[in-house]
Amino acid sequence: MENIIKDIQNRFEVSDIVNQRDNITFVTCEKEKTIALITHMKKNLGFKHFVLMTAVDWIEDGLFQLTYILNNPKKKLDVAIRTFISRENATMETAHKLWKQVSTYQRELKEMFGIDFPGSPRVNESFILEGWNDIPPYRRDFQTKEYAEKTYFPRPGRKTNDPSEYMKKNMS
Amino acid sequence: MTNENKNHDKFLHEENKIREVEAPDGSIIKVDPLNDYFLTDRPVVREPKNKVVEKFLNWARAESLWVLGFGTGCGSIEIPPLVTPRFDAYRFGVQMRPTPRQSNVFIISGYLAVKTLKRVIRTYEQMQGPKYVLALGSCTINGGMYWDSYNTINRLDHFIPVDVYVAGCMPRPEALLAGFAKLKERIKAGRAEGANEYAEKFDWYKANQKKIINDWNMPDYNW
Amino acid sequence: MKKQKNIFNWQADRSKYPEKKKNGKLDIDMSSGKFVKLWQGPNHPGITGNMSLELTISGDEVVEAKTHVGYLHRGFEKLMERRLWIQCFPTCVRMCVAEPDYNEYLLAKSAEELSGIEIPEMAEWLRTLVLEMARLQSLLRTVPGQAGTLSLGVGVQWGVYLRDLVLDLFEELTGGRVYHMYIIPGGVRGLLPDGFKKRMEEVLKKIDEFVKNIENLMFNNIVFKKRTIGVGYIKPSWIDKYGIVGPNARAAGFKRDVRKDYPYLKYNELDFEVTSEKDSDIFARSMVRKKELIMTIDLIRQIMAKMPKKGDIKAPTPNVLHWKIPKGETYVRSESSRGEYGFYTVSDGSKTPRRINLRGPSYTHAISLLERMLVNANIADVHSIMVSLQTCPPEIER
């Protein structure tokens, strides 16, 4: 594991290295170098299994974090690559040529976060939602409760309690 | 009935747009698929002609409930146990059918995403009357676990008429059997008039449905 | 003499059909009358769960397939962002209906890992037991379910009945029939009830019998063999290309099993061999699942024998109503009956998770792989191929 991290550190200047467990390491890479890093890891370091790809919305910093988790089935190692892209006009280079399933992930991210992957197949087709008119729902500024109350005719009489206060009241 | 869904034009699919087609003899025909390809009559209220005969018919209907095999949510995992030897719903005259045209009971098994709701409405309208809806799980009553979700509906009875609710998350097969017993009682008493209710309050149901289904893309009544 | 043209233009090798245009796209002209669009699902008996396939067919052969999902989307990942960590537990189990316990385990494991909680040994054993029982009940549905796709319904009747017996055991242990919420952060909710071992053994004996019967019913059945051998072939080179995991990869000869490769809980103290087959068709995948069923029965017996009788079942955790998990991120995985099942969890140090993302095996199997596999398949085989991948739609869209 150390050799691999050293190798990609030298080549791609990854930073912020966290050894979460013995066999999984999180690294941060710059946006421009990410796809090159993933290609290098697939072709030369044996990280052949693509585990997942997802985004995290850091709305305070105005950034989306994209996480790619790659797995080396022979050495039984995982490396998770974080990359940060701007929240405004979020676009990222597509990686669909490396693995077939990546285009599905990118379709989901486009729909749920509004991150664009130009060139990815069927990326503009709707994937999960149908006829969605609002901002992409997984963004932090989308308020799901308010949306549901406004749209779906909530049945009157539902009470919501703050769990800790409710417990305090009932336990005493 | 004209296609009034002007707001839904944005989501209208290519094959349903009004277009011009060339006939074999060279003349040009204007085609409006939503009006030309589908029967656009509204549903009508059926009044029983003879009360004694109706009572007999209700008894017959109650004893043969043909359920549509459409698992709309996670409750559908309890349907196989229901129709296999352990709980054996067949002994109560309940059996599964593969198509809406042959069935008269629709089990809404749990939460309904908006995308499924559209298919559910379509399926419900295709079923033969008199038809009954058995709503399964808390999610159909008030949203249940997903009360604050942006993609699941909270109340089913705003979109299609419901005869029996079976509460729980998820209800056991025994609860489902009890739900069927209750449904039979209702049918025998002549109170399961979901299809007529749907026809009476058709405009209200349609308005509710259209409020949340943006991608309407189908005729108003899918008979 | 010129070779006479076949009047029906029949080709033995259909893999090049339909022809491709110069830009690499399929040459499908819907107005030519050669092709028909056929929708399978969501309301269709030949579909696993609530999803649909848009098939373009020519004759009885599929030339293009597109998967449509989203009929079960509830927005779990959004909902969990506005719930406390402890409130996520009853929510996350509903992500996959077929085997809910893996969700509980993975969320508990991520929370424990991020906040540095070690769980007691007894709790680890009980978790292992519950996970294996979940696999058992899932396999009891899917092994005969493969024969069910070919209208051989007897096995399904047996399997669902036995699955009910396993669910009864679950009910005894956890109080819930389908959703258990048994695994909580720091441990589990309870010890085994009295006499549980005996009742478990009774059920396992019945399942032993069932495995013998299913051998004759399915695997020695000429109809089943003819309909499955050579159908739904997955090339070994696709395994990494499409991200295939679990029994589907093992049927192609790849001995990958999270339980062996990345041992979690008590799996390194248990004795088992990773099952595998070579042929990589539907029959091989059924065979792998059957072997897995036998292995699971054996594992449960081992767990019952090796498990200590008493012990602590829960490590102390902070007050869950004010529980803040330190900032960090992790990915944990486990082997469900469908393959690698993982949670990617991000915490920002607040009371609620920042993001929880599920990596379900069906996500890759049912979309990119299925779309590829259905090309040049017969319509009658579509259902079998889909079931042989063991797709579970709720985990695709969450």
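Fair warning: this is a prediction, and the values are worked out from it, not measured in the lab.

## Observations regarding the nonpolar core
Side chains of nonpolar character tend, in soluble globular proteins, to be buried together.
Next up, step 1: L70 of chain A together with I300 of chain C are the most contacted members of the largest nonpolar core, which has 109 residues in total.
Next up, step 2: In this structure L70 of chain A touches I38, M41, F47, F50, V51, D78 and V79 of chain A, once residues within four positions along its chain are discounted.
Next up, step 3: L68, M145, Y198 and W216 of chain B belong to the second largest nonpolar core, which has 94 residues in total.

## Considerations on the domain arrangement of chain C
All names here are of chain C.
Next up, step 1: When cut into domains, chain C gives domain 1 (14-73 + 360-398) and domain 2 (86-322).
Next up, step 2: Placing a centre on the C-alpha atoms of domain 1 and another on those of domain 2 gives a separation of 28 Å.
Next up, step 3: With 19 residues of domain 1 at the interface, the matching set in domain 2 holds 23 residues.
Next up, step 4: Across the side of domain 1 that touches domain 2, the residue classes break down as 8 nonpolar, 8 polar and 3 charged.

## Comments concerning the interface of chain A and chain C
As a measure of interface size, the accessible area lost when the parts come together is often cited.
Next up, step 1: In this assembly, 31 residues from chain A lie in contact with 32 residues from chain C.
Next up, step 2: Elements represented by at least two residues in the side of chain A that touches chain C include exactly β2 (24-28), β3 (49-58), β4 (63-72), β5 (77-86) and α5 (163-171) of chain A.
Next up, step 3: Taken together, the residues that form the side of chain A that touches chain C break down as 17 nonpolar, 9 polar and 5 charged.

## Observations regarding the pairing of β4 of chain A
Residues and elements named next belong to chain A.
Next up, step 1: Across the 10 residues that make up β4, a large majority, 7, are buried.
Next up, step 2: Between the end of β3 and the start of β4, which pair antiparallel, lie 4 residues, with G62 showing a positive phi angle near 70 degrees.
Next up, step 3: Looking at chain direction, β4 and β5 are connected through 10 bridges and run antiparallel. For L63, the partnering residue across the bridge sits in β5 and is S86.
Next up, step 4: The antiparallel pairing of β4 with β5 creates a hairpin that spans 4 residues between the two strands, and K76 there sits at a positive phi of about 60 degrees.

Procedures and definitions
- Residues numbered from 1 in each chain as written.
- Chains lettered and ligands numbered in written order.
- Predicted model: local features only at pLDDT ≥ 70, side-chain atom pairs only at ≥ 80, totals over all residues.
- Core = buried A, V, L, I, M, F, W, Y, C linked by C-beta atoms within 7 Å.
- Buried ≥ 20, exposed ≤ 12 C-beta atoms within 10 Å, placed from the backbone.
- Contact = placed C-beta atoms within 7 Å.
- Domains from an automatic or database assignment.
- Nonpolar A, V, L, I, M, F, W, Y, C, P; charged D, E, K, R; others polar.
- Helix = DSSP H or I, 4+ residues; strand = E, 2+ residues; numbered from the N terminus.
- Pairing = 2+ DSSP bridges.

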